[in-house]
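Architecture and fold: a report
Below, each chain spelled out in residue letters.
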Amino acid sequence: LLEEADGGTLFLDEIGELPPSLQAKLLTFLETRRFRRLGSTKEQSVDLRLIAASNMDLAAAVKNNQFREDLFYRINVVSVSLPALCDLGDDMILLAEHFVGLLSYDFKKQITGFSKAARDKLLNYTWPGNVRELRNVIERSLIFAEGETIDADDILLQGYEDLTRD
């Protein structure tokens, strides 16, 4: 992947889940921009931009000795914090509608949106799986929807009663 990203961007998702042994190797690479392919003795260099994402608080992980402090400071050049999906309010519905449009085409369905009850159900859920969970919920809803709109009964949420907001 480092070779493929040469001259471009390498995206590392869930960097906070990287084991300590790989954190050390990534830090070395970021400092030198050099690496050796597995089984090779020849070093290669690459020029790339790194974008890393994590759903965990990396600063807290550093304090708890779960993430290397030196790696944290190496990758924390520009930090963008995004609100949780459940904190987006009506903007979350826009994202859900985007998935409806995208997936309706795939399923060859003519779904135009959500009933008010369905919107309320989506807005009152905490979304622990964030955007990935939302996409899966919309996909599942499209499978069960029989009308032109998705109704609350079409939306199946895991542990819905336990994960609604007060």
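To start, this report covers the structure provided alongside it. A quick note: this is a predicted structure, and the numbers were derived from the prediction, not measured.

Topic: the overall build of the protein
- Across its full length, the protein carries 7 helices and 6 strands.
- When the helices and strands of the protein are listed from N to C terminus, the series reads α-β-α-β-β-β-α-α-α-β-α-α-β.
- Computed over the C-alpha atoms, the radius of gyration of the protein is 21 Å, more than 25% above the 15 Å expected from 2.2 N^0.38 for a compact globule of 166 residues.
- Dimensions of the protein, computed from C-alpha atoms along their principal axes, come out at roughly 60 × 35 × 25 Å.
- Across the 166 residues in the protein, those meeting the buried criterion constitute 30%.
- Within the protein, contacts between residues at least 6 apart in sequence are counted, and of these 72% link residues at least 24 apart.

Details of the nonpolar core
- If you look at the biggest cluster of nonpolar residues, it comprises 22 residues, and the most contacted ones within it are Phe114, Leu122, Trp127, Leu134, Ile138 and Ile150.
- Contributions of two or more residues to this core are made by α5 (90–107), α6 (116–123) and α7 (130–144).
- When residues in this core are grouped by element, the largest group, 6 residues, is from α5.
- Not counting residues within four places of it along the chain, the set of residues in contact with Trp127 comprises Leu85, Cys86, Met92, Leu122, Glu133, Leu134, Val137 and Leu157.

So, unusual backbone geometry
- A positive phi is found at Arg33, a non-glycine position, where the angle reads about 60 degrees.
- In this fold, Arg33 is placed in the loop between α2 (20–32) and β2 (34–36).
- Even without a glycine there, the phi angle at Asn65 is positive, about 55 degrees.
- Counting through the fold element by element, Asn65 comes out in the loop between α3 (58–63) and α4 (69–75).

Definitions and cut-offs
Residues numbered from 1 in each chain as written. Predicted model: local features only at pLDDT ≥ 70, side-chain atom pairs only at ≥ 80, totals over all residues. Heavy atoms only, no water. Helix = DSSP H or I, 4+ residues; strand = E, 2+ residues; numbered from the N terminus. Rg over C-alpha atoms; globule rule 2.2 N^0.38 Å. Buried < 20%, exposed > 50% of the residue type's maximum accessible area, 1.4 Å probe, protein only. Contact = heavy atoms within 4.5 Å. Core = buried A, V, L, I, M, F, W, Y, C linked by side-chain atoms within 4.5 Å.

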